[in-house]
Amino acid sequence: MIPGATPYPAERAATYRAAGYWRGATFGALLRESATRWPGNTAVTDGHTRLSYAQLDAAASTAATRLARLGIRPRERVVLHLPNTLPYLPVLFGLFRLGALPVCALPGHRQHELSHVLRRSGAPALITVERHLGVRHGDIAREAAARVDLPAHPTHAEKPAHPTVFTDPASLYTTPDPITPGTPGRSRHEDPADIAFLQLSGGSTGIPKLIPRTADDYLYSVRASNEVCRMTDRDVYLAVLPVAHNFTMSSPGILGTLLAGGTVVLAAAPSPDVCFPLIDSERVTVTAIVPPLAPVWLDALPARPALSSLRLLQVGGARLAPEVARRLLHRMPGTLQQVFGMAEGLVSYTRLDDTEEAIIHTQGRPLSPHDEIRVVDDGDTPVAAGISGHLLTRGPYTINGYFDAPQTNATSFTDDGFYRTGDIVRLRPDGAIEVRGRSGDIINRAGEKISAEEVENLLLSHPAVHEAIVVGRPDATRGEIIHAFIVPRSGVEATPALTAQTLGSHLTTLGTARYKFPDDYAFVATLPLTAVGKISRAQLRTQLAALLTEPA
Ligand code: J2J
């Protein structure tokens, strides 16, 4: 196994193989098999350009050859920082075919996040685009790479000192090279039981964690998701959220669609003015959104019958208010499905034939009969039936450890291998999960997971900030927004230097993703302490939340 990954214990691995979950298939082979079965079907389109399965398969092989020629080797990590544009799939599958490990950065990531991800993954290369929707991704990536020193190579003195940045992904598979005929669909380097790629977690500590996934475990979750969502070769899936996100990639997402022989449509932005015309023109049948988009889409629904092709609207990534769920169910065409998932593994779905009550009020049932669920109190003791507690899980597609993070793993996993999700849930007698909140210091802003500690550390790096505490504040449209409490260094209270604007500029200078910027600031002289005068983060947050609800 690639060093840094925690393997599944042998006994559980044997159970999952015996159950037929882990089948020894690879990502490269998945695409080749679909291309053999449905060569002429459209695999992917952005609404303008189309690639058939045969073309996508050939493009992936060309990309693998070119990436190898550029010096990328099997088992090396490569950070993918691509928006929802056509090159994503050929490049992703090119990396799989080469046996290199894609690291799925989000398009919203900036220098701060990308440099962390490059460093943590040890990736010698990053693939992005020069510009997208007015953002200079190329400049951002080059700045991030310049912050990262690659270890000196013992024999290749000419090895670059910093990760290499590629900004023309389409050139990896388009002309002038003729497509290499007869390239095998599966690289001899692709081992289904070893790490195939790395997802990123929102992270409960300052550093985004890397989530190592194998083809065996991931493809099982994709296949099982296809069954739950009844995916066929007639399905057309609209990727509204970033393609790199676990939801869009696997629940059942782009991989489920490609496994079924359907068509992936890439939306450049999640707004109704971009997505609705695509749904109608491409006859989209399935799509997935985060809860804050729901009211925006509902408001934009035209009076005339539209979006009539849609059979399944998935909503997940954050809590969906029952009232919004009810409106979606009654006003949007097709069925509504709640999806509660995590890049670390476990995915829970309401089923297509669930009652209206279950679809509106629950986050469904786990995907696999072998998903093990424990709901426990603060002392790890299981709570009584129907009582809320911390959700722990392990199973055939849930990781056993973050990549190369022994310290984090010691606290994020139990001794017997259960992942501590950080979610507070309640299990109903019918087996459905109700997500009640988070136990950690994670803010869920419009579906983006933000580590409070990470934002606090960024704010603390401003020379005039003495203390910084960041809390999630309930917000009608975005679920939560980021509220920062700042204690300025003594002597600077009176100076106008420390304002929301200066802190915003500071975060920009650091290259922080925009979605992590506090929405609101309070400049205070002190932070409340607990009764015994200790700073307990949990109590601090409760007190701050209480302050927020007091009338001004
Ligand atoms: C409440 N909280 C939710 C939901 C995720 C499918 C769908 C979503 C993700 C995802 C994913 C929630 N209600 N319906 O990977 O495959 C919060 C929980 C969870 C965290 C994971 C998938 N759906 N959440 O959102 O890794 O707190 O994955 O632990 O980004 O999002 O976030 P992430």
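Residues numbered from 1 in each chain as written. Predicted model: local features only at pLDDT ≥ 70, side-chain atom pairs only at ≥ 80, totals over all residues.

- An unreviewed UniProt entry lists the protein under the name 2,3-dihydroxybenzoate-AMP ligase, with Klugiella xanthotipulae as the source organism.

## Looking at the site of the ligand
No. 1: The full set close to the ligand counts 23 residues, and Asn246, Phe247, Gly316, Gly341 and Ala343 are the nearest of them.
No. 2: It is strand S13 (residues 335-342) that contributes the most residues to the shell around the ligand, five residues altogether.
No. 3: Of the residues that constitute the shell around the ligand, the class distribution is eight nonpolar, 11 polar and four charged. (Near = placed C-beta within 6 Å. Helix = DSSP H or I, 4+ residues; strand = E, 2+ residues; numbered from the N terminus. Nonpolar A, V, L, I, M, F, W, Y, C, P; charged D, E, K, R; others polar.)

## Details of the sheet that holds strand S19 (residues 433-438)
No. 1: Strand order in the open sheet formed by four strands is S16-S17-S18-S19, with antiparallel pairing between adjacent strands. Each of the sheet's edge strands pairs with one partner strand only, and the pair in question is strand S16 (372-376) and S19. Recorded for the sheet is a direction-independent mean angle of 45° between the axes of neighbouring strands.
No. 2: Note that S16 and strand S17 (residues 389-394) share five bridges and pair antiparallel. Considered in S17, the bridge of valine 376 is made with histidine 390. (Pairing = 2+ DSSP bridges. Axes fitted to C-alpha atoms, helices over the stretch in contact; angles between N-to-C directions.)

## Concerning the sheet that holds strand S15 (residues 365-366)
No. 1: The nine strands lie next to each other as S2-S1-S10-S9-S11-S12-S13-S14-S15, forming an open sheet whose pairing is mixed. If you trace the sheet from one side to the other, it starts and ends with strand S2 (50-52) and S15, each paired once.
No. 2: Sheet topology places strand S1 (residues 42-45) next to S2; three bridges connect them, and they run antiparallel. In the strand pairing of S2, valine 44 is matched with leucine 51.
No. 3: Strands S1, strand S9 (236-239) and strand S10 (263-266) of the sheet are contacted by helix H10 (residues 272-282), whose axis makes an angle of about 165° with S9. (Contact = placed C-beta atoms within 7 Å.)

## As for H10
No. 1: Those residues of H10 that fall on the buried side of the exposure criterion are Cys275, Leu278, Ile279 and Glu282. Buried residues of H10, seen end-on, are gathered within an arc of 100° and therefore sit on one face of the element. Every exposed residue of H10 that faces more than 90 degrees away from the buried side is listed here: Asp273 and Ser281.
No. 2: In this structure, the buried residues of H10 make contact with S1, S9 and S10.
No. 3: Positive backbone phi, at 55°, marks arginine 283, one or two positions downstream of H10. (Buried ≥ 20, exposed ≤ 12 C-beta atoms within 10 Å, placed from the backbone. Arc of directions from axis to C-beta.)

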